[in-house]
Amino acid sequence: MPSLKDLRLRISSVKSTRKITSAMKMVAASKLRRAQTAAESARPFAERMERMLGTLAGSLAGQSGSPPMLAGNGSDAVHLIVMVSADRGLCGGFNSSIVRSVRHLAGTLLAEGRTVRIMPVGRKGREQIKRDYGGQLIEGFEQLGRKGVAFSEADAVARRIANMFAAGEFDVCTVVYNRFKSAISQEVTRQQLIPFPASPQTGAADAAGKAVYEFEPGEERILAHLLPRNLAIQMFRALLESQASEQGARMTAMDNATRNAGDMLGRLTLQYNRSRQAQITKELIEIISGAEAL
Amino acid sequence: MAEKILFELVSPARLLVSSPVEMVVVPGAEGDFGALPRHTPMITSVRPGVLDVHDGGKVSSRIFVSGGFAEVTEDRVTVLAEEAIPLAELSRETATARLLAAKQALADAKGDVDRAAAEWQFEVATAMDAAAQ
């Protein structure tokens, strides 16, 4: 049975915890709004880019000599997994679900006898995966998008990936990130970046001969520009989506924590009042029985 | 001229313009071209320069784009620009400052990748400076 003083201390500590979690919730909520707008306004560009690239890929399909970034370099021995997680914790299952997905993917690939490299973006993901796949980890990025994701940051990541690909350090690149669905739900998404996966619907449209495009200056020249751009754009999108998801996950987690603290506070207060009353009764009995004995 | 073409200007951060207009003059990599309704479908890269939007029989807006890509179909022009600033908002000072910074970066650049990036930045800044004058 805890003493009254112990109970008072616990109540005040739970109270301050609740204050902190509710403040974190507010902060996450306001950041979420901004991140969500950013993520949603970046979608049109990424979608149109994909559509354009799909058209180009469709018109080049079957031709030899298309750029390796589009068609692959004919091998799939080395996989690069770009893992987009958060720099900070306290956001529910956000980081763990990314890590779980990466671990699963890496496990499958390794079992198939492929080589796996993992490029972590964000501190938390790296820390969690280090134990199991420390040997596969390569240098990654941290502290991206502290003041909203800038395109230049995504560009830096993309350039690094492109350089590694050009140097033949990997054959297939997949990015794993949380796609933002709503404040309470995020979806772990695996997107293959290299080689560019030609989407079936654009292929079908071309087969119907609906759109015959002219290219200026030439398919190859445009592709040479468009592919690295696309890489940066898709990376940008992944970062934005992940950022919005992180804030959403944190908001939900902190909302739960605040509610739990409230419940706990209720229980503790009840217990405190009961034992206070019991003590008063006990003291009264002592006084009365003392007076009667005289 | 009742017929209009849907003009969309998108930057990585957001959708800037999406409205039907009479004609768009795009600075293509191999020369400027005007896109009118029922233009041949084509895809082209865009060089840094000024994009003119014609509507209501006159130039309704002029926008600086720092390069990108354009997709033209019969009823739609989509310009994917890395950066797009309406000419009215472009000040001469910022353009000049950027040109100087780009010159410096080009002088400092080491390695092929950096040099290529710096050269591109320089090209963009030059076009921007010219547009701002």
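Not measured: the values here are computed from a predicted model.

Trainee: Quick question: what am I supposed to make of the domain arrangement of chain B here?
Mentor: Think of interface size as the accessible area that goes away when the parts come together; that is how it is often given. All names here are of chain B. For chain B, the assigned domains read domain 1 (5-87) and domain 2 (91-131). The centre of domain 1, based on its C-alpha atoms, is set 23 Å off from the matching centre of domain 2. Each side of the interface is counted separately: domain 1 has 10 residues, and domain 2 has 7 residues. Summed over both sides, the interface between domain 1 and domain 2 buries roughly 600 Å², with carbon and sulfur atoms accounting for 73% of that surface. When the buried area of domain 1 at its contact with domain 2 is split by residue, Pro 48, Phe 64 and Glu 83 rank highest and sum to 60% of it. Across the salt bridge formed by Glu 83 and Arg 98, the nearest N and O atoms sit 3.1 Å from each other. Taken together, the links from domain 1 to domain 2 amount to 1 residue pair in polar contact (both at pLDDT 80 or more).

Trainee: Please explain the interface of chain B and chain A as it appears in this structure.
Mentor: With 27 residues of chain B at the contact, the number on the chain A side is 26 residues. Taken over both partners, the interface formed by chain B and chain A buries close to 2300 Å², and the fraction arising from carbon and sulfur atoms is 64%. When the buried surface of chain B facing chain A is broken down by residue, B:Pro12, B:Ile43 and B:Phe69 rank first, second and third, together holding 29% of it. Its salt-bridge partner being A:Arg48, residue B:Glu8 comes within 2.7 Å of it at the nearest N-O pair. Linking chain B to chain A there are 3 residue pairs in polar contact (both at pLDDT 80 or more). For the side of chain B that touches chain A, the secondary structure elements donating two or more residues are strand 1 (5-10), strand 5 (42-55), strand 6 (58-73), strand 7 (76-81) and helix 2 (112-132) of chain B. In terms of residue count, strand 6 of chain B provides more of the side of chain B that touches chain A than any other element does, 5 residues in total. A per-class count over the side of chain B that touches chain A returns 15 nonpolar, 6 polar and 6 charged. By the bridge criterion, 3 bridges tie strand 5 (residues 214-216) of chain A to strand 5 of chain B in an arrangement that is parallel. Bridged to A:Phe215 within strand 5 of chain B is B:Ile43.

Trainee: What's the story with the pairing of strand 4 (residues 31-35) of chain B in this structure? I'm lost.
Mentor: Taken residue by residue, a regular strand's side chains alternate between the two faces of the sheet. All names here are of chain B. Pairing of strand 3 (residues 23-28) with strand 4, which is carried by 5 bridges, proceeds in the antiparallel orientation. The partner of Gly 28 across the bridge, within strand 4, is Gly 31. The loop that links strand 3 with its antiparallel partner strand 4 comprises 2 residues.

The rules behind these values
- Residues numbered from 1 in each chain as written.
- Chains lettered and ligands numbered in written order.
- Predicted model: local features only at pLDDT ≥ 70, side-chain atom pairs only at ≥ 80, totals over all residues.
- Heavy atoms only, no water.
- Domains from an automatic or database assignment.
- Contact = heavy atoms within 4.5 Å.
- Buried area = accessible area lost by both parts, 1.4 Å probe.
- Salt bridge = Lys/Arg side-chain N within 4 Å of Asp/Glu carboxyl O.
- Polar contact = N/O pair within 3.5 Å; in protein donor to acceptor, adjacent residues only side chain to side chain.
- Helix = DSSP H or I, 4+ residues; strand = E, 2+ residues; numbered from the N terminus.
- Nonpolar A, V, L, I, M, F, W, Y, C, P; charged D, E, K, R; others polar.
- Pairing = 2+ DSSP bridges.

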